[in-house]
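# Commentary on secondary and tertiary structure
Each chain, written out:
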Amino acid sequence: MSKEIDESLQGTATLLASSDNEDTKKLYLESYGCAMNFSDSEVVASILKKEGYTTTRDFEEADVVFVNTCSIRDKAEQTVRQRLHIFKKQKRQKPGLVIGVLGCMAERLKDSLLEEEKLVDLVVGPDAYRDLPNLLENVQGGQRAVNVLLSREETYADISPIRLSENGVTAFISITRGCDNMCSFCVVPFTRGRERSRNPLSIVAEARELVENGYKEVTLLGQNVDSYRWNINKKGEIENPAIPTTSFAELLEMVAKVSPELRVRFSTSHPKDMTDEVLHMMAKYKNICNYIHLPIQSGSNEMLKKMNRNHTVEWYLNRIQRIFEIIPDCGISTDIITGFCDETEENHQDTIKLFEQVKFNLAYMYFYSERPKTLAERKFEDNVPIDVKKRRLNEVVTIHRNNALEQNKKQVGKVFEVLIEGEPKKNKEQFSGRTSENFYVVFPKEGLSKGEYINVKITDCSSATLIGEIVS
Ligand code: SAH
Ligand code: SF4
Ligand code: F3S
């Protein structure tokens, strides 16, 4: 299985920093799925720290194990169930252990999860984390506890997240929660609820705090960042005349102004909503990175319509053209689903054609996985055989790899400013970091430190990595 597919299916497991305090309750937390889930785990860690919980990297010494889960594809849920199996074995040896399922699977399966997964004590949806201390108390009193209420307001704006990423250089800031788009294949609107934006002042305050703590890059997160709006309703009317309104482009500017040393990234942009105003703002501030993740999902208009994406391929190509007109060196990436309901060979060839036209630097590629409750599950038949879905996926992966390699080769000889993020997993003798365009670069350490900006000349590449040497 290819690296891209493999990684997308596994999600990221994250561990909290360790503590040696013997007296307090110990929490072990693992996260799967998207960056938003990872960011939520930082909120959960903060809420429980206030309750006196310390954290551990070793689940065998934990009093409480939380798994923050993802439902986006069936495989994501299977991965979580396998992990739960291991934690439940531990509980058999240590009956006082509390096991909690948080996040999207909790929201999707609700109390049925308690029936399906015996020995799970706690099921908590993404908008109910403030209730965790209370729910934990119930569990310690011998009950099992569920809170999967979704909220129209909750943004956890006032909670200062405990940073779980190990590098101390890059961090996530959630700017919106939920999604109102209802793409027909997607479970997110059901697991995360209605879209809402977070107070811009709390976002800027969080960015400032990160800078004070030595962070050098923030990624503003939302399922559709372009629909961020503060004090403006969906019809474009001002809600409270006494306070300023904020669009996503304006928010970008506010965060960019926090410090010229702080890089600003964002994800995810939606092709139907991405405005030129945002592109101009990116061009105006050097510290807003020249990189846009713009998922298209399919190169076929027929499929896009069925997917309820509300844009066409032509619209998408126009957006790409505007990106390059306003930000000539912009890095671009996308998401693709192969084998969606009724996808013909011709529809699939349209996706291949799109990849011939647009050379993405990065692509996250999946085969379609039917999700309960979604529009597609209710209205369409999941009728592309699994081997066909996988063959089409492999074809897209192959063309993308060739494109990415071609794009990377064009960077050889160029000099980029790179923010040093840490050591590559496979070679502790080197440092790795990214360029503004989101190219991943590895280079010799040469007495440098994490969090420094340095100029790197690219000398070689593969389809996923640029290799460089330091020039200043
Ligand atoms: N908000 C983002 C996507 C979030 S989900 C957007 O609108 O683009 C991340 C990616 O998972 C999606 O872009 C899509 O490519 C993939 N995905 C979502 N549901 C899926 C499903 N049912 N089967 C396969 N892939 C899916
Ligand atoms: Fe899902 Fe579509 Fe919302 Fe993205 S925009 S989270 S794909 S419903
Ligand atoms: Fe997964 Fe939920 Fe994110 S379904 S992709 S963790 S919003």
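Preceding this section is the structure that the text describes.
The following paragraphs examine the structure supplied in this document. The shown structure was predicted, so the numbers you read here are calculated from the model rather than taken from an experiment.

It is worth spelling out the sheet that holds strand 6 (residues 145-147) at this point. If you trace the six strands from one edge of the open sheet to the other, you get 2-1-3-4-5-6, paired in parallel fashion. Here the strands that pair on one side only, and so sit at the sheet edges, are strand 2 (54-55) and strand 6. Across six bridges, the pairing between strand 3 (residues 64-69) and strand 4 (residues 98-103) is parallel. Each bridged residue has a counterpart across the sheet, and for T69 the counterpart in strand 4 is G103.

For the rest of this paragraph, the subject is the packing of aromatic side chains. What the rule picks out here adds up to eleven aromatic pairs. Summarising the aromatic geometry, the rings of Y28 and F87 are spaced 5.9 Å apart at their centres and angled 65 degrees between planes, so their arrangement reads as edge-to-face. Of this pair, Y28 sits in strand 1 (residues 26-31) while F87 sits in helix 3 (residues 74-93), and the two are 59 residues apart along the sequence. Summarising the aromatic geometry, the rings of F340 and Y368 are spaced 4.8 Å apart at their centres and angled 85 degrees between planes, so their arrangement reads as edge-to-face. Taken as a pair, F340 in the loop between strand 15 (331-338) and helix 13 (345-357) and Y368 in the loop between strand 16 (362-367) and helix 14 (375-379) lie far apart in primary sequence, 28 residues in all. Through successive ring pairs, a cluster of aromatic residues spans F185, F340, Y368 and F380. Lying over the aromatic face of Y366, R73 brings its terminal NZ or CZ to 3.6 Å of the ring centre. Directly above the aromatic system of F380 lies the positively charged group of K306, at a separation of 4.6 Å from the ring centroid.

Describing two packed helices takes the angle between their axes plus the distance from one axis to the other. Two numbers describe how helix 8 (residues 200-212) lies on helix 9 (residues 248-256): the axes approach to 9 Å, and their chain directions differ by 30 degrees. Relative to helix 9, the element helix 8 lies roughly parallel. In the packing of helix 8 onto helix 9, the handedness of the crossing is right-handed. On helix 9, the residues that touch P200, L201, I203, V204 and A207 of helix 8 are L251, M254 and V255. In terms of residue class, the contact of helix 8 with helix 9 is built from eight nonpolar, no polar and no charged.

Another aspect to go through is the side chain of T176. Among the secondary structure elements, T176 is positioned in strand 8 (residues 176-177). Contact partners of T176, with chain neighbours within four places excluded, come to R196, S197, L221, G222, Q223 and Y228.

Moving on, we get to the sheet that holds strand 7 (residues 170-174). Read across the sheet, three strands follow the order 7-10-13 without closing on themselves; strand pairing throughout is parallel. Sheet topology places strand 7 and strand 13 (263-267) at the edges, where each strand pairs with a single neighbour. Strand-to-strand twist of the sheet, defined as the mean angle between neighbouring strand axes without regard to direction, takes the value 25 degrees. In this structure, strand 7 lies alongside strand 10 (residues 217-221), joined through five bridges in parallel fashion.

Conventions adopted
Residues numbered from 1 in each chain as written. Chains lettered and ligands numbered in written order. Predicted model: local features only at pLDDT ≥ 70, side-chain atom pairs only at ≥ 80, totals over all residues. Heavy atoms only, no water. Pairing = 2+ DSSP bridges. Helix = DSSP H or I, 4+ residues; strand = E, 2+ residues; numbered from the N terminus. Phe/Tyr/Trp six-rings, centres within 6.5 Å; stacked < 30°, edge-to-face > 60°. Lys NZ or Arg CZ within 6 Å of the ring centre and 35° of its normal. Axes fitted to C-alpha atoms, helices over the stretch in contact; angles between N-to-C directions. Parallel < 35°, antiparallel > 145°, perpendicular 65-115°, else oblique. Left-handed = near helix turned anticlockwise from the far one by under 90°. Contact = heavy atoms within 4.5 Å. Nonpolar A, V, L, I, M, F, W, Y, C, P; charged D, E, K, R; others polar.

All we've got here are geometric facts, nothing functional implied.
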